[in-house]
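These are the residues of each chain, in order.
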Amino acid sequence: MKALVLRDVGKIGIEEIEKPSPKQGEVLVHVKACGICGSDIPRAYKDGAHNMPLVIGHEFSGVVEDKDRTWNVGVFPLIPCGKCECCKIKKYEMCKNYSYLGSRRDGGFAEYVAVPEWNLLELPAGIGFEVAAMLEPMAVAVHAIRQVWTEALDRIDVNVAVMGLGTIGLLVTMFLKDMGIDNVYTIGNKESQKKLVMEMGIPESHYFDASSGDAVEWIIVNTNSKGVDVFFECIGKNESLNVGLDAAAPLGRICTVGNPHSDMSLDRNMYWKILRNQLTVTGTWNSSFTHEVDDDWHYVLDRLQQGRIHPEKLITHRYDLENIVDGFEIMRDKTEPYVKVMWEQ
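None of these values were measured; they are calculated from a predicted model.

Scoring rules and cut-offs
Counting of residues starts from 1 at the beginning of each chain's written sequence and follows it residue by residue. In keeping with the predicted nature of the model, local features appear solely for residues at pLDDT of at least 70, side-chain atom pairs appear and are counted solely at 80 or more, and the whole-chain, interface and lining totals rest on all residues. As a convention, hydrogens and water are excluded, and side-chain values are obtained from all of the structure's heavy atoms. Only protein chains enter the calculation, and the probe is 1.4 Å; a residue is then buried if its accessible area is under 20% of its type maximum, exposed if over 50%, and partly exposed in between. Here a strand is any run of E in DSSP of at least two residues, a helix any run of H or I of at least four, and the numbering for each starts at the N terminus. Between any two strands, at least two bridges found by DSSP are needed for them to pair. Patches here are clusters of residues that have more than 30% relative accessible area and form no salt bridge, with a 9 Å joining cutoff for like charges and a 5 Å cutoff for nonpolar side chains (Val, Leu, Ile, Met, Phe, Trp, Tyr). Every accessible area reported is derived by Shrake-Rupley at a probe size of 1.4 Å, with residue values counting cover from the shown protein chains alone. The term salt bridge refers to a side-chain nitrogen of Lys or Arg lying within 4 Å of a carboxyl oxygen of Asp or Glu.

Is there a simple way to explain unusual backbone geometry in this structure?
Peptide bonds are mostly trans, and most non-glycine residues show a negative phi. In the segment running from Met 52 into Pro 53, the intervening peptide bond is cis, with an omega of 5°. The backbone phi angle of Lys 90 is positive, close to 65°, even though this residue is not glycine. Classification of Lys 90 as partly exposed rests on a relative accessible area of 38%. The phi angle at Lys 334 is positive, at roughly 55°, despite the residue not being glycine. Its location among the elements puts Lys 334 in the loop between helix H11 (324–333) and strand E18 (340–344). Judged by its relative accessible area of 59%, Lys 334 falls in the exposed class.

It is not clear to me how the sheet that holds strand E4 (residues 54–55) should be interpreted in this structure. Could you clarify?
Sheet strands line up and pair through hydrogen bonds in the backbone, either parallel or antiparallel. Taken together, the three strands give an open sheet; going across it, the order is E2-E1-E4, and neighbouring strands pair in antiparallel fashion. For this open sheet the edge positions go to strand E2 (11–16) and E4, each flanked by a neighbour on one side alone.

Help me out: how do you make sense of a nonpolar patch on the surface in this one?
On the surface, Leu 266, Tyr 271, Trp 272 and Leu 275 cluster together into a nonpolar patch covering about 400 Å² of accessible area. With respect to the helices, strands and loops of the structure, Tyr 271 is situated in helix H9 (residues 268–276). Classification of Tyr 271 by relative accessible area gives partly exposed; the value is 48%.

See the structure below:
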């Protein structure tokens, strides 16, 4: 079969490899769509993967064809050990001994993938493969929102800011709007990002280009000096984290979403802000997948079935498998604006 194989750092390309044979408890998924995650770029060109050679890709969907039936599936890529303390309380996303499709074992940029049956989510009619390939980043966005949201925030005048409008930041924005939050303030750095959030219903006045001035001052002015009740940091830099700490209202909540670009630190002044404003700073990681109706993946699936969200609007590039490296290079070199780059059959 054809697959995108990472042989070593920077050595990535389409190869003919052996079709996998499922082990006990696994099924063979015929992949129909797979998206490139931002984390795939340093994995391919800077840091490498845990095991190489490796078929990368963890945002994918496809078809299971077995002797009994054919069914369309989305795939939760984290394979928990099922034995650690986190697994015992069904916090599988924090498993201490996990494996992972696309970073620790072969993933979705291939014609076929062997996947534990436990990791499959059957797709209802009407959910297409490219949308299903975005279940993983959508669930990540929902998980972030759920880390900070409380009943106290369910009020008309709640102020929320999202800084960093890559795929996850845009999806956080999309789900906040679906929740009925009016005062969502978005901070990006590209005209294409401004266009996308406005299409989601964000007023032009609620978008700020971080390269044009002081984001903290902009938030304070636009919230009548109140600050924001919730701040999503979706970049992973000290500068953006400091914006959240500076712009947070008393008792505000900051959710750190972005993977860190380098070491993160807090100076004394920012630490004082956490103390004196009694801020809550929390992390978020991956998403909840428990096979229960209240997990993140089922929440997303429900919104899709109701036609409440439209993640396909974030797909900016589509390739066949033979040319998907072109998409990787666009993301690596930033030669043109992009959000979600997708392989689809």
